[in-house]
Amino acid sequence: MELLGQLSSKYSGRHGARGLNELLQLWMSCEATRTLMDIYAQCLAALIASCPDACVDALLDTSVQHSPHFDWVVAHIGGSFPGTIISRVLSCGLKDFCAHGDAAAAAAGGGADKRVPKLASVVGILGHLASRHGASIKQELLRMFHEGLAPGQHKGTVPFLLQLALMSPPLLGTVAAELVESLKPSVLNQLHQRFSPLPRDELDSTVALLVRLICQTSAGAFRTLQFLLDTAMPASVITQPGLALHDGVREACDRLVALLLLQLQKSVHNRPSASLADGPQRCVPF
């Protein structure tokens, strides 16, 4: 694998390939690199059942070291072992995210935190696999979200998933609709229980990140806004049985609605053109 990384980097300026698919075909048409890839795939097939985390960690480490020239290897291997690669890449990415300090600080930065070097590789690998294995990725992301709310699970799971969504709008679009539909009262109360003890600055960073994510989600935006308004409604207005929501959940959704309106106002007022009739405008969310 390291040799594949070295070769990919060394000859990156000579092949003239355009796009990942063309690059993959070019390298696989070379007998030497195809043989190395076959050896690597056989080694991975033999080892991945007994030590999956070590295998995927090595893949991520090499991807970080030789990015983006190693992407074709990741794409090929990911397509050969999609089930294992998807779940373990997310698992190893979460471990790296949590091991490199404050999750909220990474989220507030708006992009890949340099202290979390594997994060961009995780996004890249999932992006390569999304076209053929989008359903599996969506299922794994939703599973990870709900399991991350269970008692005893690492508190960085939800911030990690939010950061992935911020870095990859396609990943966000993949899960947004089903995620909103799954936010039943019990799940919302779990979220409140998980986030309410956090310091105010971390909460503010998380809320700011949510506003950014909602503003860049076109698919399902109406349903998301409808959900926020319904959930923010005072308990005296909603009389449906079984809707036992913590007051903090309603307050959080109310705050999100207010901040979204403020963000929309800024988007309109900060448009570069003075008149609506003066030509193309910067996109306003929703």
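Residues numbered from 1 in each chain as written. Predicted model: local features only at pLDDT ≥ 70, side-chain atom pairs only at ≥ 80, totals over all residues. Heavy atoms only, no water.

1. Describing the pattern of salt bridges
Formally: The working definition used for a salt bridge is a side-chain nitrogen of Lys or Arg within 4 Å of a carboxyl oxygen of Asp or Glu. Counting from the N terminus, the helices are the DSSP runs of H or I reaching at least four residues and the strands are the DSSP runs of E reaching at least two.
Enumeration according to the criterion identifies 8 salt bridges in this entry. With a shortest N-O distance of 2.7 Å, aspartate 53 and lysine 95 are connected by a salt bridge. Of the two residues, aspartate 53 is situated in helix α4 (residues 52-66) and lysine 95 in helix α6 (residues 82-99); the sequence distance between them amounts to 42 residues. For the salt bridge of arginine 223 with glutamate 181, the shortest nitrogen-to-oxygen distance reads 2.7 Å. Taken together, the residues arginine 223 in helix α13 (residues 221-232) and glutamate 181 in helix α10 (residues 169-181) connect sequence positions 42 residues apart. A cluster of three or more residues bridged by salt bridges with shared partners is formed by Asp53, Arg88 and Lys95.

2. Observations concerning the packing of aromatic side chains
For the record, the criterion: Only centres within 6.5 Å qualify two rings of Phe, Tyr or Trp (six-membered ring in Trp) as a pair; their planes then separate them into stacked at under 30 degrees, edge-to-face at over 60, and tilted for everything else. Residue exposure (1.4 Å probe, protein chains only): buried if accessible area is under 20% of the type maximum, exposed if over 50%, otherwise partly exposed.
Here the structure, examined in full by the defined rule, presents 2 aromatic pairs. Arranged with centres 5.5 Å apart and planes meeting at 15°, the rings of tryptophan 27 and tryptophan 72 form a pair that is stacked. With tryptophan 27 in helix α2 (residues 20-28) and tryptophan 72 in helix α5 (residues 71-80), this pair connects stretches of sequence that are 45 residues apart. Residue classification places tryptophan 27 among the buried residues on the basis of a relative accessible area of 10%. Geometrically, the ring pair formed by phenylalanine 97 and phenylalanine 160 is tilted, given 5.6 Å between the ring centres and 55° between the ring planes. Highlighted residues: phenylalanine 97 in helix α6 and phenylalanine 160 in helix α9 (residues 157-167), separated in sequence by 63 residues. Residue phenylalanine 97 is classed as buried on the basis of its relative accessible area of 1%. Given a relative accessible area of 0%, phenylalanine 160 falls into the buried group.

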